[in-house]
Amino acid sequence: MHNNSGVESHCSECSIVWFEWQNRAVEREKEKWVEYNEGIVNNFKSFDQIFKQ
């Protein structure tokens with residue numbers, strides 16, 4: 001095990017894949033929150049329009 005360059009190479013590849021997966025998971029969560037918040041804003045606009053009549 002004195003020469004473990006294969007292991008180091010493999011681990012560095014895994015960490016790149018892991019960070020890409022994490023970044024995509026964060027992006028998906030952000031998209032969900034944007035959609036959720038847009039829904040809340042639209043509901044308030046509808047609510048406001050009902051009471052302005």
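Below you will find a few notes about this structure. These numbers were taken from a predicted model, which means no experiment stands behind them.

Helix and strand content of the protein chain: 1 helix and 0 strands. Sorting the 53 residues of the protein chain into buried and exposed places 2% on the buried side. For the protein chain, the exposed surface amounts to about 5,300 Å²; the carbon and sulfur share of it is 60%.

Pairs can form between side chains of opposite charge whenever their charged atoms are close. One pass over the full model with this rule turns up 3 salt bridges. For the salt bridge of Glu-27 with Arg-24, the shortest nitrogen-to-oxygen distance reads 3.1 Å. Highlighted residues: Glu-27 and Arg-24, both in helix H1 (residues 5-52), separated by 3 residues, approximately one helical turn. Within this structure, Arg-24, Glu-27 and Glu-31 form a network of salt bridges that share partners.

Right, let's talk about the packing of aromatic side chains for a bit. Under the defined criterion, the tally for this structure stands at 2 aromatic pairs. Seen in terms of ring centroids, Trp-18 and Trp-21 are 5.2 Å apart; in terms of plane orientation they differ by 20°. Their pairing is stacked. With Trp-18 and Trp-21 both in helix H1, this residue pair falls 3 residues apart, about one helical turn. Of the residues examined, Trp-21 reaches a relative accessible area of 49% and is grouped as partly exposed. Seen in terms of ring centroids, Trp-33 and Tyr-36 are 5.5 Å apart; in terms of plane orientation they differ by 85°. Their pairing is edge-to-face. With Trp-33 and Tyr-36 both in helix H1 and 3 residues apart, this pair spans about one turn of that helix.

All right, on to a nonpolar patch on the surface then. Nonpolar side chains collect at one region of the surface, where Trp-18, Phe-19 and Trp-21 lie side by side and expose about 390 Å² of accessible area between them. Mapped onto the elements, Phe-19 comes out in helix H1. Phe-19 gets classed as partly exposed once you look at its relative accessible area, which sits at 49%.

Reading guide: rules and limits
- Residues numbered from 1 in each chain as written.
- Predicted model: local features only at pLDDT ≥ 70, side-chain atom pairs only at ≥ 80, totals over all residues.
- Heavy atoms only, no water.
- Helix = DSSP H or I, 4+ residues; strand = E, 2+ residues; numbered from the N terminus.
- Buried < 20%, exposed > 50% of the residue type's maximum accessible area, 1.4 Å probe, protein only.
- Areas by Shrake-Rupley, 256 points an atom, 1.4 Å probe, with all protein chains shown as cover.
- Salt bridge = Lys/Arg side-chain N within 4 Å of Asp/Glu carboxyl O.
- Phe/Tyr/Trp six-rings, centres within 6.5 Å; stacked < 30°, edge-to-face > 60°.
- Patch = residues over 30% accessible without salt bridge, like charges linked within 9 Å, V, L, I, M, F, W, Y side chains within 5 Å.

That is the geometry; function is a separate question.
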